[in-house]
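# Overview (structure and organization)
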Amino acid sequence: MPWYYTTSGEANIRVVFSDGITAIDAYMFKATAGNSRILSISMPDSVTTIGSEAFMNCSKIKEIAFSKNVTALNKCLTGCTSIQTLTLPINIDATTFGVQVNTIKTLNFFNGGKAGASYTSNTCKSQIWYNSSNYAVTFEDGITSIGSGMRLSATGSVVIPASVLSIGSMAFYGAPMTSLTLSEGLLTIGDQAFANCLGLQSAIIPNSIREIGQSAFQGCTALNSIQMPITVDYSKD
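This one's a predicted model, so the numbers in the text were calculated from it and none came from an experiment.

What follows covers the overall build of the protein. When you go through the protein residue by residue, the secondary structure sums to zero helices and 17 strands. The C-alpha atoms of the protein give 19 Å as radius of gyration, which agrees with the globular expectation for 237 residues (18 Å, within 12%). With respect to the principal axes defined by its C-alpha atoms, the protein has extents near 60 × 30 × 30 Å. In the protein, which comprises 237 residues, the proportion classed as buried is 47%. Of the contacts made within the protein by residues no fewer than 6 positions apart, 34% connect residues no fewer than 24 positions apart.

What follows is about the packing of aromatic side chains. Any pair of aromatic rings gets described here by the distance separating the centres and the angle formed by the planes. One pass over the structure, following the stated rule, counts eight aromatic pairs. When the centroid spacing of 5.9 Å and the interplanar angle of 90° are considered together, the rings of Phe17 and Phe29 count as edge-to-face. Here Phe29 lies in the loop between strand E3 (23-24) and strand E4 (38-42) and Phe17 lies in strand E2 (residues 12-17), a separation of 12 residues in the sequence. For Phe17, a relative accessible area of 5% puts it in the buried group. When its relative accessible area of 8% is taken as the criterion, Phe29 is described as buried. One aromatic cluster is present, formed by Phe109, Trp129, Phe139, Phe172, Phe194 and Phe217 through successive ring pairs.

On to the side chain of Thr87. If you trace the backbone, Thr87 turns up in strand E7 (residues 85-89). A relative accessible area of 17% means that Thr87 is categorised as buried. Polar contacts involving the side chain of Thr87 include one to the side chain of Asn108, which spans 3.1 Å. With residues up to four places along the chain from it excluded, the contact list for Thr87 reads Ile64, Ala65, Phe66, Asn108 and Phe110.

Below, the discussion takes up the sheet that holds strand E15 (residues 202-204). One open sheet holds the four strands; their spatial order is E11-E13-E15-E17, and the pairing between them is parallel. Whereas interior strands pair on both sides, the edge strands pair on one side only; in this sheet they are strand E11 (156-160) and strand E17 (225-227). Neighbouring strand axes in the sheet, compared pairwise and without regard to direction, differ in orientation by 10° on average. Of the pairings in the sheet, the one linking E15 to E17 comprises three bridges and is parallel in character. Residue pairing for E17: Ala203 is matched across the bridge by Ile226.

With parallel pairing, four strands are arranged side by side in an open sheet as E10-E12-E14-E16. Each of the sheet's edge strands pairs with one partner strand only, and the pair in question is strand E10 (145-146) and strand E16 (211-212). Bridge count for strand E14 (residues 188-189) against E16 is two bridges, and the pairing is parallel. Within E16, the position partnered with Thr188 by the bridge is Glu211.

About the criteria used
Residues numbered from 1 in each chain as written. Predicted model: local features only at pLDDT ≥ 70, side-chain atom pairs only at ≥ 80, totals over all residues. Heavy atoms only, no water. Helix = DSSP H or I, 4+ residues; strand = E, 2+ residues; numbered from the N terminus. Rg over C-alpha atoms; globule rule 2.2 N^0.38 Å. Buried < 20%, exposed > 50% of the residue type's maximum accessible area, 1.4 Å probe, protein only. Contact = heavy atoms within 4.5 Å. Phe/Tyr/Trp six-rings, centres within 6.5 Å; stacked < 30°, edge-to-face > 60°. Polar contact = N/O pair within 3.5 Å; in protein donor to acceptor, adjacent residues only side chain to side chain. Pairing = 2+ DSSP bridges. Axes fitted to C-alpha atoms, helices over the stretch in contact; angles between N-to-C directions.

Below, the structure is given as structure tokens:
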């Protein structure tokens, strides 16, 4: 078989796809509601295609790590309502998982070789993580952009790696983060990128910054420490 199961406890299952697999067939792990025992799924970067509703109704999945080369999701997680840890390429369209959950605890983004996916004020409401809040967010070094409208509800200390050149508008709008470190190399921050982050207390803006969008930090009423270059025009904020 091109995958294997490992089990623990009451026959709970962890699915791991072997390196070299390029496609996961439609409905491959489709279950009747409530009957699946799969708790986690991991796939190698050789996977580029996931068929329609491949993991449909696997409602006990808590952790899933996608290939960085996957190009389409085809509602593969329809009915997967318990996801806590999600690892995915930042360029993939997060509205095409086929599900929205309020259980996310950790989002891990890695470089998929393209710019970060962007969303409008309407399409962002269909993101898999839109109904979740207060989760940890990590970004792999190598990512070059964080797209507009991601609306990441990142908590705690957020560190943007040095490879990131741009952060889109409303990328972290309303996030419950407490501190923000933007690494040297960042060039632009979009409109309202960090607006209404009510718990944000400290921020470091690098010397490399060239443009800060309108109202980028508007409503950050707890911000009491900010390190920033003197040469940038902050009149828009």
